[in-house]
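A structural walkthrough
Given next are the chains, with one letter for each unit.
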Amino acid sequence: QCGDMNHVQLLFDTSTKKTLPMYGAMMKGYIKNNLPKKVIDLFNEIKDPDRVIIILLFNACAQLGTNEELNLVKRILSNIPESLFLEPTLSSSLIHVFMKCGDVTSAKALFDRSTKKTTPVYGAMMKGFIINNLSKQAIDLFNEIKDPDEIAITLVCNACAQLGTEKELVLLRSISSKISNSFYSDPYVVTSLIDAFMKCGDVTSAKALFDKSTMKTAPMYGAIMTGLILNDQEEEAIDIFNAIRLDELHRENHSDKKMKLLSEMESDRLESNITIYLCLIKALAKLGMLEKAESFVQKIPTSFLTDHRIQNALIHMWGKVGSVDEAKRIFEKISQPDHIAWTTMINSYGLNGMGIEAMKLFHQMPKEFINDLTYTCVLNSCSHSGLFDGARSIFNSIEAKTVITVTTMIDCLSRAAAFEEAQQLIKQFEHNHAPALPIYMALLSGARNEKNSKLAQQVVDRMQKLFPDLKSSLLPASILLANVYASSGDIEKATDIKIELHKSGGKKQIGITMTDIDGKLWKFRAHDQSHPYSAEIYEQVDRMPKEVIKHGHKYDASWIVRPMYADETIETLLCGHSERLAMAAHFIHHRKPKRIQLTKNLRICGDCHRVTKLIALIYQCEIVVRDANRIHHFHLNGQCSCQDYF
């Protein structure tokens, strides 16, 4: 229990009379300390194992979860009377090991043969279905239980969270309205309900449940913070962190557990705190504001900064806020980076337009660490830096090409306007694979960049033919097609598409730009008039065009994707874009800001990109813009890190 395996091993080895309880204590200790193979070795020494020993073996096999362990379990079963393994305690352990090894058929057969289906047996089946992504079956099983306990309710919440649809939300609301008040004092049930509500998109119910809870545990804080981040409310997640007193939280939650060993309590406390800090770092990464990130990272105790999960999360966060040097500093301090650290650092380079550095690091990465996500990150880095030859070389070296790697390569080719090669690659892939919607979206995005309405129409027609049932996924494709027509000058055709979308209930995502001014977060929509400083902001917006026009800027009407009203001009439409309002807000608060940072949920338009380069030059202000695809660093010399390749 204290993790001192050397001492206990010596004690066990020198014992002359090894009893079954002694073997059981050793096996339990091995499982606790993640040494399941030693459990199997020890089991083979026992001549006449009892029920407890067999259950411990099953638990060790479940921990490993490979075919080798599955075959071992089946061999043992062949020597055990059926009456023994149908006993509820043993059968629930056996169901668990079958499920962990991926043998759902054997688990179901055992469950069906079981004459005494106790709640733990139902729980083992439900947990197994969830592990094997069969949550609908877990919910069906829950509906058979007459009097579900807190474990069954926790599991059905987990199943609903995995599916996350409107249907599961209705079930969750029904369950939460029917369960007795005693369940609400169980932190596991409350945490699972919060998580499920969040993943089904019902933030209001999750918050109400959290606020009502009188005993807030670290996992509960983690669930509410994770859910808020998932639902694009990272500011509120940070507010939750500010309300937590981590040491007090741990003391309160363990004050009644007098039987817990001190070392286990300390281990628990560290693990709980790491979870909370990981949520904080994730929120800061999504927010994308450097100064905010710097101020909060200072609050993380030095002792936590050596944890590999914290280090990997920080590399990701520094990359997302545009501080590649800081990400690199942490990466280089890790003596043995794991595959996540390597991949995250490659991605940080790629996000910030450092494709050559991403490729160099990829080629230094140990081959055994490279996986699908690594290939995606390095190909994406090449795509955003115009490194087509490098991308081709890496792509051709991939033995098993998946949807995600092919999609990224199509994106790379489409950005280079190599549409014939991209379409040929799609044909080759579809010889052995089913068509995939993301691949066609990448091709369509390339057509948008080139204002190629003919190709865009062909791609959307093909998507509608191949994926007729994916109505919600086809909505972004139709919006993109309308934008292609608008940018190529066919406003009428673009308007017709948008009218059809409106009739069908489709809604375009609203563009929002966020920025931090003196520690306060400001959000802007295009032509936003809602801010208390709107009058001053628009005065500054009116001043900025005069300056950029002096430097030779000509407004690009191809980025206007809707008909203009009588009182509008090309200039007023483009100057009302959300990022220009955000920049103007900085200039009215600080006449000569040295640095401006913006986070956009959509891609920056070409006209805004050119204007931002000029504003950085004219006002001698570094401007960092993270859009939906990448991070642009606009330098004082009027150049952008993307080298106009975006």
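Residues numbered from 1 in each chain as written. Predicted model: local features only at pLDDT ≥ 70, side-chain atom pairs only at ≥ 80, totals over all residues. Heavy atoms only, no water.

Glancing now at the packing of aromatic side chains. Taken as a whole and judged by the stated rule, the model has twelve aromatic pairs. Between the aromatic rings of Phe 12 and Tyr 23, the centroid separation amounts to 5.4 Å while the plane-to-plane angle is 75°, which identifies the pairing as edge-to-face. Note that Phe 12 is positioned in helix α1 (residues 5-13) and Tyr 23 in helix α2 (residues 20-32), a separation of eleven residues in sequence. Centroid distance Tyr 440 to Phe 467: 6.2 Å. Interplanar angle 65°. Geometry classified as edge-to-face. Of the two residues, Tyr 440 sits in helix α28 (residues 437-449) while Phe 467 sits in the loop between α29 (453-466) and α30 (471-487), which places them 27 residues apart along the sequence. For the pair Tyr 440 and Phe 467, one class covers both residues: buried. Each member of the aromatic cluster is reached from another via a ring pair, and the members are Phe 241, Tyr 277, Phe 296 and Phe 304. Looking at Lys 401, its charged tip hangs above the ring of Phe 395, at a distance of 5.1 Å from the centre. (Phe/Tyr/Trp six-rings, centres within 6.5 Å; stacked < 30°, edge-to-face > 60°. Helix = DSSP H or I, 4+ residues; strand = E, 2+ residues; numbered from the N terminus. Buried < 20%, exposed > 50% of the residue type's maximum accessible area, 1.4 Å probe, protein only. Lys NZ or Arg CZ within 6 Å of the ring centre and 35° of its normal.)

What follows is about the domain arrangement of the protein. Splitting the protein by domain gives domain 1 (420-504) and domain 2 (512-634). When each unit is reduced to the centre of its C-alpha atoms, the spacing between domain 1 and domain 2 is 29 Å. Each partner contributes to the interface: domain 1 provides nine residues, whereas domain 2 provides eight residues. Both sides of the domain 1 and domain 2 interface together cover about 660 Å² of buried area, and 49% of this is carbon and sulfur. Connecting domain 1 to domain 2 are zero salt bridges. (Domains from an automatic or database assignment. Contact = heavy atoms within 4.5 Å. Buried area = accessible area lost by both parts, 1.4 Å probe. Salt bridge = Lys/Arg side-chain N within 4 Å of Asp/Glu carboxyl O.)

As annotated by UniProt and renumbered to match this structure, "domain: DYW" (unreviewed entry) occupies residues 552-646. With 33% helix and 16% strand, the stretch residues 552-646 has end C-alpha atoms that lie 22 Å from each other. (UniProt positions renumbered as here; feature names shortened; annotations may be inferred.)

Looking now at the pairing of strand β3 (residues 595-600). Of all six residues making up β3, five are buried, and the element is well covered by its neighbours. Of the strand pairs in this sheet, strand β1 (residues 512-517) and β3 are connected by three bridges, and their pairing is antiparallel. Pairing of Thr 515 across the sheet is with Leu 598, part of β3. Sheet topology places β3 next to strand β4 (residues 622-626); five bridges connect them, and they run parallel. Of the residues in β4, the one forming a bridge with Leu 598 is Val 625. The β-α-β motif built from β3, the intervening helix α35 (residues 606-618) and the parallel element β4 has right-handed crossover chirality. (Pairing = 2+ DSSP bridges. Right-handed = clockwise from strand over helix to strand, strands pointing away.)

Feature annotation in UniProt places "repeat: PPR" (unreviewed entry) on residues 338-368, given in this structure's numbering. Structurally, residues 338-368 is divided into 74% helix and 0% strand, and its ends, taken at the C-alpha atoms, are 10 Å apart.

Moving on, we get to the sheet that holds strand β2 (residues 520-525). Taken in spatial order, the five strands line up as β2-β1-β3-β4-β5 in an open sheet, and their pairing is mixed. Looking at which strands have only one partner, the edges of the open sheet turn out to be β2 and β5 (631-634). Strand-to-strand twist of the sheet, defined as the mean angle between neighbouring strand axes without regard to direction, takes the value 20°. (Axes fitted to C-alpha atoms, helices over the stretch in contact; angles between N-to-C directions.)

All right, on to the confidence of the model for the protein then. When pLDDT is averaged across the protein, the result is 90; 96% of the residues are at 70 or more. Low pLDDT (under 50) marks residues 252-265, which in the prediction has 16 contacts with non-local residues, meaning those over four places away or in another chain. (pLDDT = per-residue confidence, 0-100.)

On inspection of all chains with the given rule, the structure shows 19 salt bridges. Note that Glu 547 and Lys 550 form a salt bridge whose closest N and O atoms lie 3.7 Å from each other. Of the two residues, Glu 547 and Lys 550 are both situated in helix α32 (residues 534-550); the distance of three residues between them amounts to about one turn of the helix. Looking at Glu 547, the relative accessible area reads 26%, which means it is partly exposed. Note on Lys 550: relative accessible area 65%, which makes it exposed. Each of Asp 389, Arg 392 and Glu 421 takes part in one network of salt bridges that share partners.

Where α1 contacts α2, the two axes come as close as 12 Å, and the packing angle between them is 160°. Looking at the two axes, α1 sits roughly antiparallel to α2. Relative to α2, α1 is oriented so that their crossing is left-handed. The segment α1 lies against α2, with Met 5, Val 8, Gln 9 and Phe 12 engaging Met 22, Tyr 23, Met 26, Gly 29 and Tyr 30. A class-by-class count of the residues in the contact of α1 with α2 yields seven nonpolar, two polar and no charged. (Parallel < 35°, antiparallel > 145°, perpendicular 65-115°, else oblique. Left-handed = near helix turned anticlockwise from the far one by under 90°. Nonpolar A, V, L, I, M, F, W, Y, C, P; charged D, E, K, R; others polar.)

This next bit is on α32. An α-helical turn contains 3.6 residues, so a residue and the one three or four places further along point in the same direction. The first and last C-alpha atoms of α32 sit 25 Å apart over 17 residues, in line with the 24 Å expected at 1.5 Å per residue. Residues Ser 534, Ile 537, Tyr 538, Gln 540, Val 541, Met 544, Pro 545 and Val 548 constitute the buried set of α32. The arc enclosing the buried residues of α32, seen along the axis, measures out at 155°, which places them on a common side. In α32, the exposed positions angled more than 90 degrees off the buried face are occupied by Ala 535, Lys 546 and Lys 550. Here the buried face of α32 lies against β2, α33 (570-575), α34 (578-589) and α35. Among the residues trailing α32, Gly 552 stands out with phi positive, at a value near 90°. (Expected span 1.5 Å × (residues − 1). Arc of directions from axis to C-beta.)

Before going further, it helps to spend a moment on the side chain of Ser 487. Within the element layout of this structure, Ser 487 appears in helix α30. Polar contacts involving the side chain of Ser 487 include one to the side chain of Arg 448, which spans 3.4 Å. What Ser 487 contacts, discounting residues up to four positions off in sequence, is Arg 448, Lys 451 and Ser 558. (Polar contact = N/O pair within 3.5 Å; in protein donor to acceptor, adjacent residues only side chain to side chain.)

Moving on: the nonpolar core. If you look at the biggest cluster of nonpolar residues, it comprises 181 residues, and the most contacted ones within it are Ile 194, Met 225 and Trp 318. When we break this core down by domain, the ones giving at least three residues each are domain 1 (420-504) and domain 2 (512-634). If near-sequence neighbours (up to four positions away) are discounted, Met 225 is found in contact with Ala 237, Ile 240, Phe 241, Ile 244, Ile 276, Cys 279 and Leu 280. With 36 residues, the next largest nonpolar core counts Ala 584, Ala 585, Ile 596 and Ile 623 among its residues. (Core = buried A, V, L, I, M, F, W, Y, C linked by side-chain atoms within 4.5 Å.)

This part is about helix α25 (residues 388-397). Turning to α25, its buried residues number three or more, namely Gly 390, Ala 391, Ile 394 and Phe 395. Buried residues of α25, seen end-on, are gathered within an arc of 130° and therefore sit on one face of the element. Every exposed residue of α25 that faces more than 90 degrees away from the buried side is listed here: Asp 389 and Asn 396. Of the surrounding elements, those touching the buried residues of α25 are α23 (355-364), α24 (372-383), α26 (403-415) and α27 (419-432).

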